Amino acid sequence: MDRPTRKSLKRKLEQDFEHENQSRQKIPATDGFETHQKLTSSIQSLVDILNSTFSSLEADRAAAKRATSALSQIAKNEEVVDTIVDCGAVPALVLHLQTPPPLRGENGPKLYEHEVEKGSAYALGLLAVKPEHQQLIVDAGALTHLVELLKRHKSADNSRAVNGVVKRAADAITNLAHENSGIKTRVRIEGAIPFLVELLDHADNKVQRAAAGALRTLAFKNDENKNLIVECNALPTLVIMLRSEDTAIHYEAVGVIGNLVHSSPHIKKAVLLAGALQPVIGLLSSSCSESQREAALFVGQFAAADSDCKVHIVQRGAVKPLIDMLESSDVQLKEMSAFALGRLAQETHNQAGIAHSGGIVPLLRLLDSKSGPLQHNAAFTLYGLVDNEDNVADLIKFGGFQKLQDGEYIVQQTKDCVAKTMKRLEEKIHGRVLNHLLYLMRVSERNVQRRIALALAHLCSPNDRKVIFLHKNGLDLLLGLLESGSLKQQREGSVALYKLATKATSVSPVDSAPLSPTPLVYLGEQYVNNPTLSDVTFLVEGKRFYAHRICLLASSDAFRAMFDGGYRERNAKDVEIPNIRWDVFELMMRFIYTGSVEVNINIAQDLLRAADQYLLDGLKRLCECTIAQDISVENVSLMYELSEGFNAMSLREACILFILEQFDKLCTKPWSSSLIQRIMPEIRNYFEKALSKPTNLS
């Protein structure tokens, strides 16, 4: 990819310039100018010198050389580049890319030969750092002259001056074509590419590097340029450059190849045939992080080609350095490494190899990254790894399930990827994977046992819950977390227990009322408090309520005992009800006569008390369901006490599930710890009872 930014290109040009001029007296930079007007005047003077010195006279050549150098120094300050262009520097500099006509009778080397052209090319390269100036420079005819400068490497005088001007011409082409598709095409039309390819074999390393940099830029997102570079037989030399000990050379070479193969399957094949794979893999261990990054990108591109290539990359030693790169402090390096590993992890044996080489833990750490692309690449790689059953237990053992579950993901694409990974994990929890996890849950250290129990609570099949959590100690591990002194562990335990309790059913016991038992006799709505055929009267709050013994006898053991036993109510015509309000009693009787009743939250607790007193289980459960809808963080403790007072098992279970579900909110309350300790026996009893049912826990 075309990685270097404009600032990095400018910095590279400046560093080269300073190196070449370190022993020379430097021309003062713009800091010495007191005002913008003075600066503009100075620039204009330099431009005027260039416009008036295009000749082979010694004085003119010397003046032109000084003027191009001075403009180059000023152009390093990007803030004044526009001023330089506004003063007409571009056509003046383009003019001096050419050799001036010889003097009459001139024979032999020209004074300052190559030096003026070199300075002009350098200054134009700096001006081209701003995209808006690229086309202006090209329209002034710079490309034709720059290509002519590239040809000077064929000169018999293979001097430092020749090398310098060739290098500066290549650098200028790089900056002009940067992210400008039209100029990239113009460069090809002007015939620069064959000469740049020739320069890859140049004896001077700096020239090689500059030529490779230009080809790299020209190849980026330009298929015609790519094809021409390959047709000019650049690949063999580029592959050799990959093995260079000069980091600058192999960095540019791998960049060129990376851009050539991008979205070009036929060039990928050609690059492989040229022998690039092994030296690129070697660059994964380079001391240059930029070369490592480009090599990782290259590996990722090749790993997408076909399965055989994926395997070959791993066989040739790419995995270990890629995993080492995941630990780098360079975010882009980690991103490219995770990208490559993600592509490699689409093959079964590679998945096992990446995990075996230690890839899981650093990939899990990257899920915490603040970089969206890095986070996504790590998630995608983990998605590939869990496709292999051999990796599932290790990922869970290292806390991977909790990491995936608790991650804060930046982009939706990553969230979707993690969801698919969780689903894939769930599909793997059976057979030998489950047996391996159960073995680890028995023999591993406590933290690992807990991680496995937490994961299995979310992932296991309903039919395996009894074995995992009753027979293999999984429930004790989860309850131990709930009793832990660590708030984090308590939260994890509560979430897992709630998931375990609700996973097998789509409807929570809190959300729907149970069906009331069918009584033997329904007299119907019309007989509620109806004196017709009434054979017993209840006195409630001083008012008479007419009832029928046959209906009451069929409704509950309490009424059967009242009217069939030795109680005084047996033969009484009027039965006093001292502790129940009229509206509560009426609703209770309506349930007895019809089998159903709508329970309002305002009356539910009083009605529950009455239903418990008269052993009306169906009504009692309706009341519990209504009350359960009103459970809140503030009242759950009171609700639990209510369930204990009236042996309301459904309400008690609803309280337990609410506490587990809302633990994050409850844990902020000062009484939460004592509440948890108080209900722990009931939580255990609930799960032991529920887990005995293999397919339904509610």
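Worth saying up front: this structure is predicted, and the values here are computed from it rather than measured.

The rules behind each value
Residues numbered from 1 in each chain as written. Predicted model: local features only at pLDDT ≥ 70, side-chain atom pairs only at ≥ 80, totals over all residues. Heavy atoms only, no water. Helix = DSSP H or I, 4+ residues; strand = E, 2+ residues; numbered from the N terminus. Buried < 20%, exposed > 50% of the residue type's maximum accessible area, 1.4 Å probe, protein only. Contact = heavy atoms within 4.5 Å. Areas by Shrake-Rupley, 256 points an atom, 1.4 Å probe, with all protein chains shown as cover. Pairing = 2+ DSSP bridges. Axes fitted to C-alpha atoms, helices over the stretch in contact; angles between N-to-C directions. Salt bridge = Lys/Arg side-chain N within 4 Å of Asp/Glu carboxyl O. Phe/Tyr/Trp six-rings, centres within 6.5 Å; stacked < 30°, edge-to-face > 60°. Core = buried A, V, L, I, M, F, W, Y, C linked by side-chain atoms within 4.5 Å. UniProt positions renumbered as here; feature names shortened; annotations may be inferred. Parallel < 35°, antiparallel > 145°, perpendicular 65-115°, else oblique. Left-handed = near helix turned anticlockwise from the far one by under 90°. Nonpolar A, V, L, I, M, F, W, Y, C, P; charged D, E, K, R; others polar. Arc of directions from axis to C-beta.

Focus on the overall build of the chain
When helices and strands are tallied, the chain shows 41 helices and three strands. A burial count over the chain gives 54% of its 698 residues as buried. A separation threshold of at least 6 residues defines the contact pool for the chain, and within that pool the share at least 24 residues apart is 72%. Counting every atom, the chain has about 30,700 Å² of accessible surface; 49% of that belongs to carbon and sulfur.

Here's the deal with the sheet that holds strand S3 (residues 574–577)
Spatial ordering of the open sheet is given by S2-S1-S3, a layout of three strands whose pairing is mixed. The strands lining the two open edges of the sheet, one partner per strand, are strand S2 (543–547) and S3. The average undirected angle you get between the axes of adjacent strands in this sheet is 30 degrees. Alignment of strand S1 (residues 536–540) against S3, held across four bridges, turns out to be parallel. Bridging across to S3, Leu539 finds its partner in Glu576. Docked against the sheet, helix H35 (residues 582–594) engages S1, S2 and S3, running at close to 5 degrees with respect to S2.

Thoughts on the pattern of salt bridges
When their charged atoms lie close together, side chains carrying opposite charge are able to pair. With the rule as written, the count across this model stands at 34 salt bridges. Ionic pairing is found between Arg216 and Glu294, a salt bridge with its closest N-O pair at 2.9 Å. Of this pair, Arg216 sits in helix H12 (residues 205–219) while Glu294 sits in helix H18 (residues 289–303), and the two are 78 residues apart along the sequence. A relative accessible area of 2% means that Glu294 is categorised as buried. Through salt bridges with shared partners, a single network forms among Arg581, Asp583, Asp606 and Arg609.

Overview of the packing of aromatic side chains
If you walk through the whole model with that rule in mind, you get seven aromatic pairs. Judged by centre distance (4.5 Å) and plane angle (35 degrees), the ring pair of Phe298 and Phe302 falls under tilted. Of the two residues, Phe298 and Phe302 are both situated in helix H18; the distance of four residues between them amounts to about one turn of the helix. Just as Phe298 is buried, Phe302 falls in that class too. These aromatic residues form a ring-pair network of at least three members: Phe538, Phe545, Phe559, Trp582, Phe585 and Tyr614.

Some details on the nonpolar core
In this structure, Phe538 and Met588 are the most contacted members of the largest nonpolar core, which totals 227 residues. Those residues in contact with Met588 that lie beyond four places of it in its chain are Phe559, Leu607, Ala610, Tyr614, Leu616 and Leu619.

Considering the environment of Gly255
Looking at the secondary structure, you find Gly255 in helix H15 (residues 247–261). Taking the relative accessible area as the measure of exposure, Gly255 reaches 0% and is therefore buried. Remark: the alpha-carbon pair of Gly255 and Leu215, spanning 40 residues in sequence, is separated by 9.2 Å. For Gly255, the contacting residues outside a window of four places in its chain are Arg216 and Glu294.

Some details on the UniProt feature "repeat: ARM" (unreviewed entry) in the chain
Per the UniProt record, "repeat: ARM" (unreviewed entry) is found at residues 141–191, 191–229, 233–275, 317–359 and 358–400. Across residues 191–229 one finds 77% helix and 0% strand; the C-alpha atoms that close the span lie 11 Å apart.

Structural notes on the environment of Ser632
Of note, Ser632 is situated in the loop between helix H37 (617–628) and helix H38 (636–645). Given a relative accessible area of 22%, Ser632 falls into the partly exposed group. Counting along the chain gives 30 residues from Ser632 to Gln662, while the straight-line C-alpha distance between them is 9.1 Å.

Focus on the packing of helix H9 (residues 160–177) against H12
If you want to describe how two helices pack, look at the angle between their axes and the distance between the axes. Following both chains from N to C, one finds H9 and H12 inclined at 20 degrees, their axes separated by 8 Å at the closest point. Classified by the interaxial angle, the pair formed by H9 and H12 is roughly parallel. Crossing hand, H9 versus H12: left-handed. Only Lys206, Val207, Arg209, Ala210, Ala211, Gly213, Ala214, Thr217 and Leu218 of H12 make contact with H9, whose side of the interface consists of Asn163, Val166, Lys167, Ala170, Asp171, Thr174 and Ala177. In terms of residue class, the contact of H9 with H12 is built from eight nonpolar, four polar and four charged.

Here we look at helix H7 (residues 131–139)
Among all positions in H7, only His133, Gln134, Ile137 and Val138 are buried. Along the axis of H7, the buried residues cluster in a sector spanning 140 degrees; they form a single face. Opposite the buried face of H7, by more than 90 degrees, sit the exposed residues Glu132 and Asp139.

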